[in-house]
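Structure at a glance
Given next are the chains, with one letter for each unit.
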Amino acid sequence: MTFKRSLAEELLNRIRSVVGQNDASLPLHAPEFLGRERELVLDCIDTGWVSSVGSYVNMFEAEVARLSDCLHGVAVVNGTAALQIALAVSGVNAGDEVLLPTLTFVATANAVTHLGAVPHFIDSAYDTLGVCPTLLRSHLERIAEVRGGQTWNRKTGRRIAALVPVHVFGCPVDMDGIDAAISDWPMVVVEDAAESLGSRYKGKSCGSLGTVAAISFNGNKILTTGGGGAIVTNNADMASRARHLSTTAKLAHKWEFVHDEVGYNFRMPNVNAAIGLAQLEQLNNRLVLKQRLFDGYAEAFRGLSGVQIFKAPIVSNSNNWLITLLLDRAYAKDRNNILTVLNDAGIMARPVWALMHQLSIYQSAPRAILTQAEDLAARLISIPSSAYLGARVNNGI
Ligand SMILES: *Cc1c(COP(=O)(O)O)cnc(C)c1O
């Protein structure tokens, strides 16, 4: 008699064949502190340089920029603030629309809203999980027109000021495709590179593919500063304006307090930058371990019907931030059962975020047809992706 295991049980077995038996629950992505974090944090405390001024912030900024193939970096308190400042220095004003994928973390849309601008949701591509160039172009052809060198939404009458591609789970978007898709519609490209530090598209770092980019160093990202973010760009004017805006827009002076616009108190504290500098030193090791983990999972899931591991296109190198499964359409109905079985077994597994246009806060926002994102969202499951798990692959544990 043959016994056919359910897809959920089969997935559980195959995940365990990679990560080993787990006593405690395995998180999706655990922070790891294996370098000089303790030493540099203690130095902040011993010297008193814990807050918004200090040498680690400057070193952290230079290193984030270097690792992103950018000339300038500005460190801030989190990725959402980084996005908000990146949009502001790109000239996004209150009342403008900003195009962004509906399949993203809520922070992308919130950063737009915090500026008084309006998120406008677009669809995602199957090959990258990011903005779909073909559907973006056809949507713009339907709703956009160019007047006075700017792009306008004919339906809402608002200016479309920017596009925010998101490198979902670390997989780079098809940037050449996107650039071609918007070539007839002037707008600034602000990358949401929150999840993609260390990812590359055609050899170029994510964060250097648009005009300006935002990176997150939240506790669940590939590297963390506790909480933190950075703006990276090759544009010197944007960088200095980002620094100015994120430090209360205070004019440099020996003692006077003169602020020339309504700025923000967004600067990353030195103590967080100290952690971050130590983390950045581990990026390369972490990328290697996460690739090993991805390869281990890919091997374990080979030949399994009903599900595939999501793999970045051949032109890209993902940082493999979150490793993700895509169920076949026939198994979409089993998603919640699979999530239950994995989580009950201590293997943390999560669906992708609720789509932005399906949140009550954004249900009346302008949008394209979003059927591919809806189809993807019903079928994606992220599985434990911490770098340390990569050390278990092929180690016979
Ligand atoms: C994490 C994240 C952000 C926001 O970063 P925080 O540091 O949490 O504010 C923005 N966009 C995406 C896609 C993210 O994953």
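Scoring rules and cut-offs
- Residues numbered from 1 in each chain as written.
- Predicted model: local features only at pLDDT ≥ 70, side-chain atom pairs only at ≥ 80, totals over all residues.
- Heavy atoms only, no water.
- Helix = DSSP H or I, 4+ residues; strand = E, 2+ residues; numbered from the N terminus.
- Buried < 20%, exposed > 50% of the residue type's maximum accessible area, 1.4 Å probe, protein only.
- Contact = heavy atoms within 4.5 Å.
- Near = heavy atom within 4 Å.
- Polar contact = N/O pair within 3.5 Å; in protein donor to acceptor, adjacent residues only side chain to side chain.
- Areas by Shrake-Rupley, 256 points an atom, 1.4 Å probe, with all protein chains shown as cover.
- 1 Å grid on protein atoms, 1.4 Å probe; cavity = no way out; pocket = protein on both sides within 12 Å on 5 of 7 lines; lining within 4 Å.
- Sits in = over half its atoms within 2 Å of the grid points.
- Nonpolar A, V, L, I, M, F, W, Y, C, P; charged D, E, K, R; others polar.
- Domains from an automatic or database assignment.
- Buried area = accessible area lost by both parts, 1.4 Å probe.
- Salt bridge = Lys/Arg side-chain N within 4 Å of Asp/Glu carboxyl O.
- Pairing = 2+ DSSP bridges.
- Patch = residues over 30% accessible without salt bridge, like charges linked within 9 Å, V, L, I, M, F, W, Y side chains within 5 Å.
- pLDDT = per-residue confidence, 0-100.
- Axes fitted to C-alpha atoms, helices over the stretch in contact; angles between N-to-C directions.
- Parallel < 35°, antiparallel > 145°, perpendicular 65-115°, else oblique.
- Left-handed = near helix turned anticlockwise from the far one by under 90°.

1. Some words on unusual backbone geometry
Positive phi outside glycine occurs at Thr248, with the angle close to 60 degrees. Within the fold, Thr248 resides in the loop between α8 (236–246) and α9 (270–280). Given the relative accessible area of 29%, Thr248 is considered partly exposed. Phi at Ala249 takes a positive value of approximately 50 degrees, unusual for a residue other than glycine. Relative to the assigned elements, Ala249 resides in the loop between α8 and α9.

2. Observations concerning the environment of Ala278
Among the secondary structure elements, Ala278 is positioned in helix α9. Taking the C-alpha atoms as reference, Ala278 lies 9.9 Å from Tyr56; in sequence the two are 222 residues apart. Each residue touching Ala278, except ones within four places of it in the same chain, is listed here: Arg36, Glu37 and Leu40.

3. Describing the environment of Ser196
Its location among the elements puts Ser196 in the loop between β7 (188–192) and β8 (200–201). Along the chain, Ser196 and Trp321 lie 125 residues apart, while their C-alpha atoms are 7.2 Å from each other. Once residues lying within four places of it in the same chain are set aside, the contact partners of Ser196 are His167, Gly170, Cys206 and Asn319.

4. Points about the site of the ligand
Gly79, Thr80, Glu195, Ser216 and Lys221 are the nearest of the 15 residues found near the ligand. Note that an oxygen atom of the ligand is positioned 2.7 Å from one of the side-chain N or O atoms of Ser216. Between Lys221 and the ligand, the recorded distance is 3.3 Å, taken from a side-chain N or O atom to an oxygen atom. Relative to its unbound accessible area of 380 Å², the ligand is 93% covered by the protein chains. A majority-of-atoms criterion places the ligand in the largest pocket. Secondary structure elements with two or more residues in the shell around the ligand: α4 (79–89) and α5 (106–114). Grouping the amino acids of the shell around the ligand by side-chain chemistry returns four nonpolar, eight polar and three charged.

5. Observations regarding the domain arrangement of the protein chain
Each assigned domain of the protein chain is listed here: domain 1 (3–28 + 283–394) and domain 2 (37–280). Centre-to-centre separation of domain 1 and domain 2, based on C-alpha positions: 26 Å. Taken together, the contacts link 42 residues of domain 1 with 47 residues of domain 2. For domain 1, the biggest contributors to the area lost against domain 2 are Leu283, Trp321 and Trp353; these three give 21% of the whole. At the junction of domain 1 with domain 2, the criterion picks out zero salt bridges. Linking domain 1 with domain 2 are 23 residue pairs in polar contact (both at pLDDT 80 or more), by the criterion used here. Breaking the side of domain 1 that touches domain 2 down by element, the ones donating at least two residues are α10 (283–301), β13 (316–317), α12 (371–377) and β16 (380–383). When the residues that make up the side of domain 1 that touches domain 2 are grouped by side-chain class, the tally is 25 nonpolar, ten polar and seven charged.

6. What to know about the pairing of strand β11 (residues 229–233)
β11 sits mainly inside the fold: five of its five residues count as buried. Here β11 shows two buried faces, one formed by Gly229, Ile231 and Thr233 and the other by Ala230 and Val232. Of the pairings in the sheet, the one linking strand β1 (residues 72–76) to β11 comprises five bridges and is antiparallel in character. Across the sheet, the residue bridging to Ala75 is Ala230, located in β11.

7. Looking at a nonpolar patch on the surface
A cluster of nonpolar side chains, Leu42, Ile45 and Val50, forms an exposed patch at the surface whose accessible area comes to about 260 Å². The topology assignment puts Leu42 in helix α2 (residues 37–47).

8. Description of the sheet that holds β8
On the basis of which strands lie adjacent, the open sheet formed by three strands has the order β9-β8-β13 and antiparallel pairing. Edge positions in the sheet fall to β9 (204–205) and β13, since each has one partner strand and no second.

9. Some points on the confidence of the model for the protein chain
Mean pLDDT over the protein chain works out to 96, with 98% of the residues at or above the 70 mark. When pLDDT is averaged over each helix and strand of the protein chain, the minimum, 95, is found for helix α1 (residues 7–19) and the maximum, 99, for strand β2 (residues 97–101).

10. Considering the packing of α4 against α5
Orientation of α4 relative to α5, taken along the N-to-C sense of each, is 50 degrees, at an axis distance of 9 Å. Taken together, the axes of α4 and α5 lie oblique to each other. Handedness of the crossing formed by α4 with α5: right-handed. In this structure, α4 contributes Thr80, Leu83, Gln84 and Leu87 to the contact, and α5 contributes Ala107, Thr108, Ala111, Val112 and His114. For the contact of α4 with α5, the residue count by class is five nonpolar, four polar and no charged.

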